[in-house]
There are 2 protein chains.
Amino acid sequence: MSAVKANTPFVRLFGRYLREQGLPVTHQREAVAEVVFTSPEHLSVDEIERRLRQGGERIGKATVYRTLDLLVRSRLVEEHDFGEGFKRYEHRLSRQPVHEHLICLECGKVIEFRSAEIQRVEARVRDEHGFLPARHRVEIYGICRECREAGATIPAGGLTCPIDTV
Amino acid sequence: MSAVKANTPFVRLFGRYLREQGLPVTHQREAVAEVVFTSPEHLSVDEIERRLRQGGERIGKATVYRTLDLLVRSRLVEEHDFGEGFKRYEHRLSRQPVHEHLICLECGKVIEFRSAEIQRVEARVRDEHGFLPARHRVEIYGICRECREAGATIPAGGLTCPIDTV
DNA sequence: GTCCATGCAAACCTTTTGCACTATA
DNA sequence: TATAGTGCAAAAGGTTTGCATGGAC
């Protein structure tokens, strides 16, 4: 109930997609969309479910998964896997359209950045490998500024005589 | 037994790592290392276990997982997640040291390529965001040359009036 | 002989599915 | 009213863990 504020423009866009597909626009679907569209973060399924329940919704985890599947299909939402053992979801509206992610190994923070270089890489693999790019995943893992200033360093490891790293 | 051919140089390197860590060099550990180091592919745990059993080894899945963990720690092996629901492992010896992956959405083939641009991206995020890169993941998903010539296309979807894609 | 690794099976965790019931259109 | 969605619980699938046994050093 309360989690669906009114029907924000983004939720309406999702409703339009559902109607185009001949699918019912249900209360739960709008509620999940509302949570995802009103959050600037990269949410996990658990976080989405928790916010819905805190907002007074009665919703099952299965419905959250099923609705996220629809949101990803509609291309309004992107699915990410930062290697945490579960997925995160991020909407694609009102933000830099194509962007990559910096993930801090210390605090887990996710920073978005744009890179024109990646488009050059895609053009190059098309020319050199005959490979037609559809989408890409570019993630850089490291230590963010704040954690560096707090003294964090990259965890070392491996053989004492490291193998080639270039 | 039979899977451990002799003790290839790469397996010996892993043995050296184990001794450095004060860990026993066991038959199973050498067998897993041998399979990974003698394969040019990106192997799944299932594939590794199957090859070991076909080679006459008596080994449990848990040991494969535990040994892969050690191999990744030693930095001799890299872990990948191409979004298939399980992980793949690739050794880092005798091949292009740092490389990225093209993954065909049609046939699942993985092509390796090098990119100098990525290093420029890492230098840029260090300068612009104060972010210290440790490692990265660059994967481009699309259609490989062979599948294109066989008529494969990128699966479409989403809203009929697509949102910004640049 | 002392540790640590191994194999097996059970546990774990995220995600998916089956089914009786409910809501959309 | 017909169709499809929902919640719940069970299942699935990859990965991890507990424990008694066996192997490395």
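The shown structure was predicted, so the numbers you read here are calculated from the model rather than taken from an experiment. Each chain has its residues counted from 1, running along the sequence as written. Chains carry letters from A onward and ligands carry numbers from 1 onward, assigned in written order. In keeping with the predicted nature of the model, local features appear solely for residues at pLDDT of at least 70, side-chain atom pairs appear and are counted solely at 80 or more, and the whole-chain, interface and lining totals rest on all residues. Each side-chain value is worked out from all heavy atoms of the structure, with water and hydrogens disregarded.

(A) Here's a closer look at the interface of chain B and chain A. Every contact between the two is made by 62 residues of chain B and, on the other side, 62 residues of chain A. Buried area is understood as the total, over both parts, of accessible area removed when two parts are fitted together, assessed with a 1.4 Å probe. Buried surface at the junction of chain B and chain A, summed over both partners, amounts to about 5400 Å²; 57% is from carbon and sulfur atoms. The salt bridge definition used is simple: a Lys or Arg side-chain nitrogen within 4 Å of an Asp or Glu carboxyl oxygen. A salt bridge links Glu-139 of chain A to Arg-137 of chain B; its shortest N-O distance comes to 3.0 Å. Under the rule applied, a polar contact is a pair of N or O atoms within 3.5 Å (in protein, one hydrogen donor and one hydrogen acceptor; residues adjacent in sequence only if both atoms are side-chain atoms). Where chain B meets chain A, there are 20 residue pairs in polar contact (both at pLDDT 80 or more). Elements supplying a minimum of two residues to the side of chain B that touches chain A: α1 (9–20), β4 (100–104), β5 (110–113), α5 (116–129), β6 (132–143) and α6 (145–149) of chain B. Each helix is a run of DSSP H or I of at least 4 residues and each strand a run of E of at least 2, with the numbering of both proceeding from the N terminus. If you tally residues by element for the side of chain B that touches chain A, the top one is β6 of chain B, at 12 residues. Note that Gly is not counted as nonpolar here; it falls among the polar residues with everything else outside the nonpolar set of Ala, Val, Leu, Ile, Met, Phe, Trp, Tyr, Cys and Pro and the charged set of Asp, Glu, Lys and Arg. Considered class by class, the residues forming the side of chain B that touches chain A number 32 nonpolar, 11 polar and 19 charged. We treat two strands as partners when DSSP finds at least two bridges between them. As judged from the 11 bridges shared by strand β6 (residues 132–143) of chain A and β6 of chain B, these two strands associate in the antiparallel manner. Bridged to Arg-137 of chain A within β6 of chain B is Glu-139 of chain B. When checking whether two residues touch, look at their non-hydrogen atoms; a contact exists if any pair is within 4.5 Å.

(B) The arrangement of the state of the cysteines in detail. For this text, the term disulfide refers to a pair of cysteine sulfurs within 2.5 Å. Under the criterion given, the structure shown has zero disulfides over all chains. Distance from the sulfur of Cys-147 of chain A, which forms no disulfide, to the nearest cysteine sulfur (Cys-144 of chain A) is 3.7 Å.

(C) How the structure looks around the domain arrangement of chain A. Residues and elements named next belong to chain A. Domain start and stop points were drawn from an automatic or database domain assignment. Assigned domains within chain A: domain 1 (1–93) and domain 2 (95–166). Across the contact, 10 residues belong to domain 1 and nine residues belong to domain 2. Carbon and sulfur atoms make up 44% of the surface buried where domain 1 meets domain 2, a total of about 790 Å² over both sides. When the area that domain 1 buries against domain 2 is broken down by residue, the three leading residues are His-42, Phe-82 and Glu-90, summing to 53%. Here domain 1 is connected to domain 2 by zero salt bridges.

(D) Fine view of the protein's contact with DNA strand D. Close contacts around DNA strand D come from 19 residues, with Thr-26, Arg-29, Arg-58 and Thr-63 of chain A together with Tyr-65 of chain B the closest. In the model, a base nitrogen of DNA strand D is placed 3.0 Å from a nitrogen or oxygen of the Arg-66 of chain A side chain. Residue composition of the surface near DNA strand D, by class: nine nonpolar, five polar and five charged. It suffices for a single heavy atom of a residue to lie within 4 Å of a molecule or strand for the residue to be listed as near it.

(E) Representation of the sheet that holds strand β3 (residues 88–91) of chain A within the structure. Overall, antiparallel pairing links the three strands, which are arranged β1-β3-β2 (chain A) in an open sheet. Since the sheet does not close on itself, it has two edges, and those belong to β1 (43–44) and β2 (77–80) of chain A, each with one partner.

(F) View of the relation of the copies chain B and chain A. The copies are overlaid by a least-squares fit using only the C-alpha atoms of residues whose pLDDT is at least 70 in both copies. In screw terms, the move from chain B to chain A is a rotation of 180° and a rise of 0.0 Å along the axis, fitting with an RMSD of 0.1 Å. On this basis, the relationship between the two copies can be described by a two-fold rotation axis. Minimal C-alpha distance to the rotation axis in chain B is attained by Val-138 of chain B, lying at 2.3 Å. Interface residue correspondence from chain B to chain A reaches 100%, placing this contact among same-surface, isologous pairings.

(G) Expanded view of the protein's contact with DNA strand C. Lining the immediate surroundings of DNA strand C are 20 residues, of which Tyr-65 of chain A together with Thr-26, Arg-29, Arg-58 and Thr-63 of chain B lie closest. Within the backbone of Val-25 of chain A, an N or O atom sits 2.9 Å from a phosphate oxygen of DNA strand C. In this structure, a phosphate oxygen belonging to DNA strand C sits 2.8 Å away from a side-chain N or O atom of Thr-26 of chain B. Of all the secondary structure elements, the ones that give two or more residues to the surface near DNA strand C are α4 (61–73) of chain A together with α2 (27–37) and α4 (61–73) of chain B. A per-class count over the surface near DNA strand C returns 10 nonpolar, five polar and five charged.

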